[in-house]
Amino acid sequence: VWAAWTDGSICCARHISYDGQTLGPIVTVSDPNAQICFGHIVTDDDNNMIMAYYSSTGYFLWPDRTIYACKYDVNGEPVWDNHIQIMNAYEMNFARDLNLVADGLGGGYVSCYVPMLNDLHQVIVFHFDANGMVSTPLSGVRVSTNDIVNNYNEDLTVDPTNNNLIISFVSSTSNETQFQIRVQSVDVNGNKLWGDVGKTLTSLAANGIFDVQVSSVSTGGAIITYNENDNIKAIRIDEQGQEVWDEVAILSSSSSNKSSSDFTTGVNNGQIIVPWIKEDYTVKAQNMKLDGTIGPVEINDPIVGDANEDGVVDVTDIQSVIAYILETGNQINIENADANDDDTIDVLDIMLIVNIIF
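*Asks:* Help me understand the packing of aromatic side chains, please; the structure alone is not making it clear to me.
*Replies:* Each aromatic ring pair is specified by the distance between its two centres and by the angle formed by the two planes. Counted under the stated rule, the structure contains 5 aromatic pairs. Ring centres of Tyr 53 and Tyr 68 lie 6.1 Å apart, and the angle between their planes is 20 degrees; on these two criteria the pair is classed as stacked. A residue pair is termed long-range when its members are at least 10 positions apart, and Tyr 53 in strand β5 (residues 49-57) and Tyr 68 in strand β6 (residues 64-72) qualify at 15 residues. With a centroid separation of 5.8 Å and an interplanar angle of 85 degrees, the aromatic rings of Trp 80 and Phe 128 are classed as edge-to-face.

*Asks:* How should the layout of surface pockets be read in this particular structure?
*Replies:* Regions of empty space are outlined by a rolling probe, equal in size to a water molecule, passed over the atoms. In this structure, the second largest pocket spans a volume of roughly 340 Å³. Considering the residues around the second largest pocket, the lining is formed by 15 residues, among which Asn 99, Asn 153, Glu 154, Val 212 and Gln 213 are closest to the centre. Residue assignment for the lining of the second largest pocket shows that the elements contributing at least two residues are β12 (149-158) and β16 (209-216). The greatest single-element share of the lining of the second largest pocket, amounting to 5 residues, is contributed by β16. Taken together, the residues of the lining of the second largest pocket sort by class into 6 nonpolar, 3 polar and 6 charged.

*Asks:* Help me out: how do you make sense of the pattern of salt bridges in this one?
*Replies:* Taken as a whole and judged by the stated rule, the model has 3 salt bridges. Ionic pairing is found between Asp 147 and Arg 142, a salt bridge with its closest N-O pair at 2.8 Å. Given the relative accessible area of 31%, Asp 147 is considered partly exposed.

Calculation rules
Residues numbered from 1 in each chain as written. Predicted model: local features only at pLDDT ≥ 70, side-chain atom pairs only at ≥ 80, totals over all residues. Heavy atoms only, no water. Phe/Tyr/Trp six-rings, centres within 6.5 Å; stacked < 30°, edge-to-face > 60°. Helix = DSSP H or I, 4+ residues; strand = E, 2+ residues; numbered from the N terminus. 1 Å grid on protein atoms, 1.4 Å probe; cavity = no way out; pocket = protein on both sides within 12 Å on 5 of 7 lines; lining within 4 Å. Points joined across faces, edges and corners; volume = space filled by probe spheres on them. Nonpolar A, V, L, I, M, F, W, Y, C, P; charged D, E, K, R; others polar. Salt bridge = Lys/Arg side-chain N within 4 Å of Asp/Glu carboxyl O. Buried < 20%, exposed > 50% of the residue type's maximum accessible area, 1.4 Å probe, protein only.

Take a look at the structure:
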């Protein structure tokens, strides 16, 4: 694993081996003329660490913040010649965080929300590739061009079938009395794929909406979970942003005053699990299956060669593995794709999958 932490006005990271040994030096990100903060990390397929962070200057309550990113290998050596600038400086609240997600191609997407016209907040996103080249404007790509509402509290995931960003966010009226959930998709070139303002998942209502999370589904699309008036709900969308289920799924509707449900497991074994903290500080959790129902799931043994997890070993699995090796395509099920069980995905696995098929 890679571990990261903040130490005063610097951000640090270090690689740790599977047996608990520290490998390589501590990676330190610092600037004598700025505070480095809110460092977030992801890894690429080569276990390189990518960190995105704020470089903060000026008045501490409303500092000017710029986003940078860097990439290091497991030995603590830089992969890129320099840290790359992703975002121009914006004045923002000192507690404002950023989001980072790997794009599945060695690069990543970054987001934050900033004050714009009439002091309303707008979510902006950025993309950089495996070589540290930024493909979006330094001013960011707005997920919605609606200037009369607030857009904030975003969460990110990447559709593994096309490497496009799927971003969920809360949209509210300017006086913040009505709220709704919207989603947008952005490709690696910064193109908005679901219209100028994204797609609407819930209608405007006075109900408070919190803890909105988005998790990708291996076959495309995502599941969005959220807390609305202490009811934990879920919506599934396909790769076009269209709702899959006939109605919103309910994970919990008891009056238990859920205070936080801002973490999910992501989609694994055909289900997503959402834990929450109750007002009395007890913790509960519930699962949601891919068909929108709750309850036990049947966990099947891995199918050797079924790299794309469609239940069948065929030519499409060979294509998926080749794309994975060349870093030009979809994510795959590593356990299924590693046909010779040597912990490496390479041409030997392709040859074994060919033998399975023919």
